[in-house]
Amino acid sequence: MDSRAYGQRKDVYQYDSPWPIYALDWCKTRDSAFRLAVGSFIEDNNNKLQIISRTDLVHGQQQPQHPDFVAVAETDSYYPLTKVLWEPSQMGARSTDLLATTGDILRLWELVDNPHYGKTSNSINGRNTPAYFTQQLIKKAELMKQSDFCAPLTSFDWNEADPSLIVTSSIDTTCTVWNVETNQAKTQLIAHDSDVYDVGFMHGSADIFASVGADGSVRLFDLRSLEHSTILYESPALATPRQSSDMQHPTSCPLLRLQFNRINANLLATFRMDSPSVQILDIRHPSAPIVELVNSHQSSVNCMNWCPAKPNQIATGGDDTQVLIWDIQDPDRSSSPYQPASKHNQPPLRSVRDPILAYAADQGINSLSWSKSIPQWVAVGFGKTVQALHI
């Protein structure tokens, strides 16, 4: 979709939040694509989930004194949100939007028009916006285990092939697959030997997902045969073994994030804790990366997102304030020509050293989201700021 359909007037749109931002996701419906969900990261019990939209698209015009974005809905969250996702877009679009968040538990939200909009209120949102938000977030469901204690959830993913399924990861070593139509757990499994940091469904599959965690492994699961799992990759051992009962066996470096390619289901990306590089894996060739993105981030990578329109492009964000766009198949920027993997050959590891685009923000990048509906836009979160970047 051409960005001119959204009246693009500049290449960077900025939202200044009253609180630090961590969770971030683009709306996936085409008719309201320039909306984002943002979650706060405040170390107390006064966190927020907010929906923001471009001001000129909400009010029909952009006044010079008005901010680029306006908050259209807001709700409270006791704990910081570790992730937020809009429901995957479907053919028979519903009249309202659904979102999911993780923190202490998994919650589902419905975004509806606010019947009180235009009336007076005691809203603290005093930045040239109406007294009431134009929309409101209604808590639709709270999904949790039937126990006295629920371990915090680190991340989750919403299945695009079957939007009734969400998989969550937890610090209690487990992953849980939920049916969000019945609000019941479909299955729970012990995924790793320690904390699970991230989880993601394979593109196009309703059954296969992978996870990463503090044990330094990428593990692949299939809901049709959960008695088995595949270890796709194990990160190198830490240079200095962490304190453990067995110092003769150095601990693998934790893996913090993973995401399957949004077009090529064989590829997934991950990165290690405190590392400036990103590893690209091919699930047909476990044990070693086929591509490594190196030498451009000057400090730790914090986030990444595959391009939804081009299978060879991926964005990364780091503590060095940089947002980098990479082409994993560009022969001019890598150590060797790109060789697509097949079932019969393990391609040599290729090091991609130069991104095709780079952007420097004012602070370290904490979150990154590449829009599926308008793929020429990438949103980044740093400090109390969200920026939508035209690429």
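A short tour of the structure in this document, coming up. Keep in mind the model is a prediction, meaning the values are calculated, not measured. (Residues numbered from 1 in each chain as written. Predicted model: local features only at pLDDT ≥ 70, side-chain atom pairs only at ≥ 80, totals over all residues. Heavy atoms only, no water.)

## Some details on the overall build of the protein chain
- For the protein chain, the helix and strand inventory stands at one helix and 29 strands.
- Residue burial in the protein chain is summarised as follows: out of 391 residues, 54% are buried.
- Taking the intrachain contacts of the protein chain between residues at least 6 apart in sequence as the baseline, contacts between residues at least 24 apart amount to 53%.
- Element-wise, carbon and sulfur atoms account for 48% of the exposed surface of the protein chain, whose accessible area totals about 17,400 Å². (Helix = DSSP H or I, 4+ residues; strand = E, 2+ residues; numbered from the N terminus. Buried < 20%, exposed > 50% of the residue type's maximum accessible area, 1.4 Å probe, protein only. Contact = heavy atoms within 4.5 Å. Areas by Shrake-Rupley, 256 points an atom, 1.4 Å probe, with all protein chains shown as cover.)

## Here's the deal with the nonpolar core
- In terms of nonpolar packing, the biggest core is built from 20 residues, with Trp26, Phe34, Leu36, Ile52, Phe69, Trp377 and Ala388 touching the most fellow members.
- Where this core is concerned, the elements lending two or more residues are strand 1 (12–16), strand 2 (21–26), strand 3 (35–40), strand 5 (69–77), strand 28 (377–382) and strand 29 (385–390).
- Among all residues touching Phe69, those that are not within four sequence positions of it are Tyr13, Gln14, Tyr15, Phe34, Leu36, Ile52, Ser53, Arg54, Thr55 and Ala388.
- Val278, Ile280, Ile328 and Val352 belong to the second largest nonpolar core, which has 16 residues in total. (Core = buried A, V, L, I, M, F, W, Y, C linked by side-chain atoms within 4.5 Å.)

## Some details on the side chain of Thr385
- Residue position: Thr385 is located in strand 29.
- Residue classification places Thr385 among the buried positions, given a relative accessible area of 11%.
- With residues up to four places along the chain from it excluded, the contact list for Thr385 reads Gln14, Tyr15, Asp16, Ile21 and Val380.

## Some points on the pattern of salt bridges
- Applying the stated criterion to the full structure yields 15 salt bridges.
- One salt bridge connects Asp104 with Arg107, and the closest N-O pair in it is separated by 2.7 Å.
- Here Arg219 and Asp193 are joined by a salt bridge, their closest N and O atoms 3.6 Å apart. Of this pair, Arg219 sits in strand 16 (residues 217–222) while Asp193 sits in the loop between strand 13 (184–190) and strand 14 (196–201); the two residues are 26 residues apart in sequence, bridging distant segments of the chain.
- Overall, Asp193 belongs to the exposed group, its relative accessible area being 63%.
- Overlapping salt bridges, with partners in common, bring together Asp104, Arg107, Lys139 and Glu142 in one network. (Salt bridge = Lys/Arg side-chain N within 4 Å of Asp/Glu carboxyl O.)

## Re the packing of aromatic side chains
- Under the definition given, this model contains nine aromatic pairs.
- For the pair Trp26 and Phe34, a centre-to-centre distance of 5.2 Å together with 85° between the ring planes defines the contact as edge-to-face.
- What makes Trp26 buried here is its relative accessible area of 2%.
- Overall, Phe34 belongs to the buried group, its relative accessible area being 1%.
- Ring-pair connections join several aromatic residues into one group, and the members of that group are Tyr13, Trp26, Phe34, Phe69 and Trp377.
- Arg54 extends its terminal NZ or CZ atom over the ring of Phe34, reaching a point 4.6 Å from the ring centre. (Phe/Tyr/Trp six-rings, centres within 6.5 Å; stacked < 30°, edge-to-face > 60°. Lys NZ or Arg CZ within 6 Å of the ring centre and 35° of its normal.)

## A few points about the sheet that holds strand 7 (residues 97–102)
- On the basis of which strands lie adjacent, the open sheet formed by four strands has the order 6-7-8-9 and antiparallel pairing. Of all strands in the sheet, those bounded by a partner on one side alone are strand 6 (83–86) and strand 9 (135–143). Across the sheet, the mean angle separating the axes of adjacent strands is 25° when strand polarity is ignored.
- Relative to strand 9, strand 8 (residues 106–113) runs antiparallel, the two sharing eight bridges. (Pairing = 2+ DSSP bridges. Axes fitted to C-alpha atoms, helices over the stretch in contact; angles between N-to-C directions.)

## As for the environment of Thr29
- Within the secondary structure, Thr29 is located in the loop between strand 2 and strand 3.
- The residues touching Thr29, leaving out its near neighbours within four places in the chain, are Arg35, Asp97 and Ser373.

## Description of the pairing of strand 8
- Of all eight residues that make up strand 8, six are buried, and the element is covered over most of its length.
- The pairing of strand 7 with strand 8 spans six bridges and is classified as antiparallel. Residue Thr102 lies in a different strand from strand 8, and its bridge partner there is Leu106.
- Hairpin remark: strand 7 followed by strand 8, antiparallel, with three residues in the connecting loop.

## A few points about the environment of Leu389
- You can see Leu389 is positioned in strand 29.
- For Leu389, a relative accessible area of 6% translates into the label buried.
- Sequence separation between Leu389 and Val12 is 377 residues, and the spatial gap between their C-alpha atoms is 4.8 Å.
- When sequence neighbours within four positions are dropped, the list of residues in contact with Leu389 reads Asp11, Val12, Tyr359, Gln376, Trp377, Val378 and Val380.

## Notes on the sheet that holds strand 21 (residues 291–293)
- Within the open sheet, the five strands sit side by side as 18-19-20-21-25. Their pairing is mixed. In this open sheet, the two strands that pair with only one neighbour each are strand 18 (255–260) and strand 25 (350–352). Taken pair by pair, the neighbouring strands of this sheet meet at an average axis angle of 20°, ignoring direction.
- Note: strand 20 (residues 278–282) against strand 21, three bridges, orientation antiparallel. Residue Gln279 lies in a different strand from strand 21, and its bridge partner there is Glu292.

## Quick notes on unusual backbone geometry
- Although it is not a glycine, Thr173 sits at a positive phi angle of roughly 80°.
- Note that Thr173 resides in the loop between strand 11 (165–170) and strand 12 (174–179).
- Classification of Thr173 as buried rests on a relative accessible area of 18%.
- A positive phi angle is found at Ser287, which is not glycine, with a value near 95°.
- With respect to the helices, strands and loops of the structure, Ser287 is situated in the loop between strand 20 and strand 21.
- Looking at Ser287, the relative accessible area reads 55%, which means it is exposed.

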